[in-house]
Every structure is written in C-alpha cells, then in structure tokens.
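In case you want the letters, here they are:
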Amino acid sequence: MNISKTKKLSTTAMLCTLAYIAAAFGRIPIVLFLKYDPKDVIIVIGGFLFGPLTSLVITVIVSVVQMFTTSTTGILGCLMNIISSCSFACTASLIYRRKHTLSGAMLGLFCGLSCQVLIMMLWNYLIAPIYMGYSREAVADLLLPAFLPFNLIKGGLNASLTMLLYKPVVTALRRSHLIEPGSSEKIKIHTGVLLAALFLIISCAVLILLLYAGT
C-alpha cells in the first residue's frame, strides 16, 4: 500500500511538472489575448488514472505556480485557470470513474468539453471586464465572436489530444512502473477514436481559420 501511494504521488508530481511546462512553453495565440496551451490534456490524464480529485490537485498546483511565475493576470487569472481546467478535467474524469470503459471515456471528454465551454462563457462575462479593463457591454459583444470560438477550440483540442495520447502515456507509465499493471482500463486507440479525434481537430482548424479570416 505504501509503495502504491508513493508511485501515485510520484506520478502526480511528474504530471504537475509536465502540465506546468505545457502551460509555460506550449502557448499558442488564438484570438485577442487568448492563448491555448495543452496542460488540460495532462490534467485529465491524471484524472483518468487516479480520479477527479487528482485533476483538482494538479490544476490548483499548476495554476498557483503559474500565478507566481508566468502569469500577468494575478489571482483572477489563477481563479480562471482553475475553473477552466476543472470544468473540463474533473467532469471528464468523474464520468470516466463511474463508467470505466471506452464509451465512458469518450462521453466524459465530450461532457467535459461542453461543460468547459458553458462555464467559461459565464466566467468570461463576469471576470474578463475586471482584468481586461473593458466595460461589461464591450465584453458581452465579444462573447460570441471571440470567447465562444476560443473555448470551443480549446475544449476540442483538449478532447482530441486526450483521445490520441491517453493510451501511449498509460503504456509508458506502466513500463516505467509508475502505475500498477491493470490499474487503469486498457483503452485501445481504434478507428472510432481516431475518427472522433480527427473530426475535432479539423473542426478546430476550421474555426481558427474563420477567426483569422474575420480579423
């Protein structure tokens, strides 16, 4: 039991490090000041492995470290990061924990995507005026042309990358003896998963092109 706990802590610490690196160095500008980074992919993988509480722990640790290192939005940016990542990763991992199958993983990812989009639209409306220095009316005018497509792109990329990376990451962790054999569902990347991931990636690419065409 102590060995298993040590392995879980070691793996969680490694995922925190990888998520922070992804957030600090993997940022891609999308629209306005909004940038995509793939840290949520790593956070949800942690949740799939160990449960939604692990996703929450990784999210809080990475967001707080970001606040003191790379972020320029202070406590509000930290709060927004926590809400955004948890709405996706905790939702997806909670559903997957209850339905530990391929269909449960897919359902969790799509629910996480939807939850992230809806919650962030609300929080963008409530919080963005404070750190953007815009009036609430100006932010409201940006919700549909900027914030909505950005959140759809972010959620779509998070879900598709998780579909593609979860199985290879789990395999690598098992071979490194960081997780126990059979401690997570054996999910194979098959045609349906690849097609779903490809559909999301193409949809995100189209949205990005439309955003750039409209600016």
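Refer to the preceding data block for the structure.
Residues numbered from 1 in each chain as written. Predicted model: local features only at pLDDT ≥ 70, side-chain atom pairs only at ≥ 80, totals over all residues. Heavy atoms only, no water.

## Examining the overall build of the protein chain
Note the following rule: Each helix is a run of DSSP H or I of at least 4 residues and each strand a run of E of at least 2, with the numbering of both proceeding from the N terminus. All radius of gyration figures rest on C-alpha atoms, and the globule criterion is 2.2 Å times the number of residues raised to 0.38. Residue contacts are defined here by distance: any two heavy atoms, one from each residue, within 4.5 Å place the two residues in contact. Charge assignment in this entry is limited to Lys and Arg as positive and Asp and Glu as negative, and neither His nor the chain termini are counted. Positions of charges follow a simple convention, taking NZ of Lys, CZ of Arg, CG of Asp or CD of Glu.
The number of helices and strands found in the protein chain is seven helices and two strands. Secondary structure elements of the protein chain, listed N to C terminal, follow the sequence α-β-β-α-α-α-α-α-α. Expected size for 215 residues packed as a compact globule is a radius of gyration near 17 Å; at 17 Å, the protein chain falls within 12% of this value. A principal-axis box enclosing the C-alpha atoms of the protein chain has dimensions of 55 × 40 × 30 Å. In the protein chain, once contacts between residues fewer than 6 apart in sequence are set aside, the share between residues at least 24 apart is 69%. Looking at the protein chain, you have 16 positive and 6 negative side-chain charges, and the mean spots of the two groups are 13 Å apart.

## Here's the deal with the environment of N81
Mapped onto the secondary structure, N81 falls in helix α4 (residues 74-98). As a C-alpha pair, N81 and D40 span 41 residues in sequence and 9.8 Å in three-dimensional space. Residues in contact with N81, not counting those within four places in the same chain, are K39, T59, S63 and Q66.

## Description of the nonpolar core
Put simply, the rule is: For the purposes of this section, nonpolar cores are sets of buried Ala, Val, Leu, Ile, Met, Phe, Trp, Tyr and Cys residues that join through side-chain atoms within 4.5 Å. When a residue's accessible area, from a 1.4 Å probe over protein chains only, is under 20% of the maximum for its type it is buried; when over 50% it is exposed; and in between it is partly exposed.
With 49 residues, the main nonpolar core has F48, L109, F147 and M163 as its most contacted residues. With 13 residues, the top contributor of residues to this core is helix α6 (residues 136-175).

## Notes on unusual backbone geometry
One non-glycine residue, L32, lies in positive phi territory at about 55 degrees. You will see that H177, though not glycine, has its phi angle at about 65 degrees, which is positive.

## Quick word on helix α5 (residues 102-132)
Selection rule: Note on bend: the value at a residue is the angle between axes fitted to the seven residues ending there and to the seven starting there.
The sharpest bend along α5 measures roughly 40 degrees and falls at N124. Phi turns positive, to about 80 degrees, at G133, one or two residues after α5.

## What about the pattern of salt bridges?
Quick note on the threshold: Salt bridges are defined by distance alone: a side-chain nitrogen of Lys or Arg within 4 Å of a carboxyl oxygen of Asp or Glu.
Throughout the structure, instances matching the rule amount to one salt bridge. Here D37 makes a salt bridge to K39, at a shortest N to O gap of 3.5 Å. With respect to burial, D37 and K39 carry one shared label: buried.

## Observations regarding α4
Heads up, the rule is: To estimate how far a helix should extend, the number of its residues minus one is multiplied by 1.5 Å.
For α4, built from 25 residues, the straight-helix expectation of 36 Å at 1.5 Å per residue is met to within 8% by its first-to-last C-alpha distance of 35 Å. Along its length, α4 reaches its greatest deviation from straightness, about 35 degrees, at C86.

## Notes on the packing of helix α2 (residues 39-50) against helix α3 (residues 52-69)
Counted only if it meets this: Here the axes come from fitting lines to C-alpha atoms, over the contacting stretch only for helices, and the angles between their N-to-C directions go from 0 to 180 degrees. Angular relationships are summarised with four words: roughly parallel below 35 degrees, roughly antiparallel beyond 145, roughly perpendicular across 65 to 115, and oblique for the angles in between. By definition, any crossing whose near helix is turned counterclockwise from its far helix by less than a right angle is left-handed, and any crossing with a clockwise turn is right-handed.
Contact pair α2 / α3: the axes reach a minimum separation of 6 Å and the direction vectors enclose 150 degrees. As far as their axial angle goes, α3 and α2 are roughly antiparallel. Considering how the two elements wind past one another, α2 and α3 form a crossing that is right-handed. Only P52, T54, S55, I58, T59, V62 and Q66 of α3 make contact with α2, whose side of the interface consists of K39, I43, V44, G46, G47 and F50.

## A short note on the environment of K7
Within the fold, K7 resides in helix α1 (residues 2-25). On a C-alpha basis, the gap between K7 and V117 in space is 34 Å, while along the polypeptide they are 110 residues apart. Every residue in contact with K7, bar those within four places of it in the chain, is listed here: H177, L178 and E180.

## A short note on the packing of aromatic side chains
Which entries qualify depends on this criterion: For this analysis, a ring pair means two rings from Phe, Tyr or Trp (six-membered ring only for Trp) whose centres lie within 6.5 Å, classed as stacked if their planes differ by under 30 degrees, edge-to-face if by over 60, and tilted for the remaining angles. Two conditions define a charge sitting above a ring: the NZ of Lys or the CZ of Arg must be within 6 Å of the ring centre, and it must be within 35 degrees of the ring normal.
By the definition in use, this model includes four aromatic pairs. Measuring from centroid to centroid gives 6.4 Å for Y96 and Y166, while their planes differ by 80 degrees, and the two rings are edge-to-face. You can see Y96 sitting in helix α4 and its partner Y166 sitting in helix α6, a full 70 residues away along the chain. You'll find Y96 and Y166 in the same group, each marked buried. Through a chain of ring-to-ring contacts, three or more aromatic side chains come together here, namely F48, Y96 and Y166. Lying across the ring of Y125, R136 places its NZ or CZ 5.4 Å from the centre.

## Comments concerning the environment of G133
Among the secondary structure elements, G133 is positioned in the loop between α5 and α6. A relative accessible area of 62% places G133 in the exposed class. With 91 residues separating them in the primary sequence, G133 and I42 have C-alpha atoms 32 Å apart.

Functional significance is not addressed by these values, which are geometric in nature.
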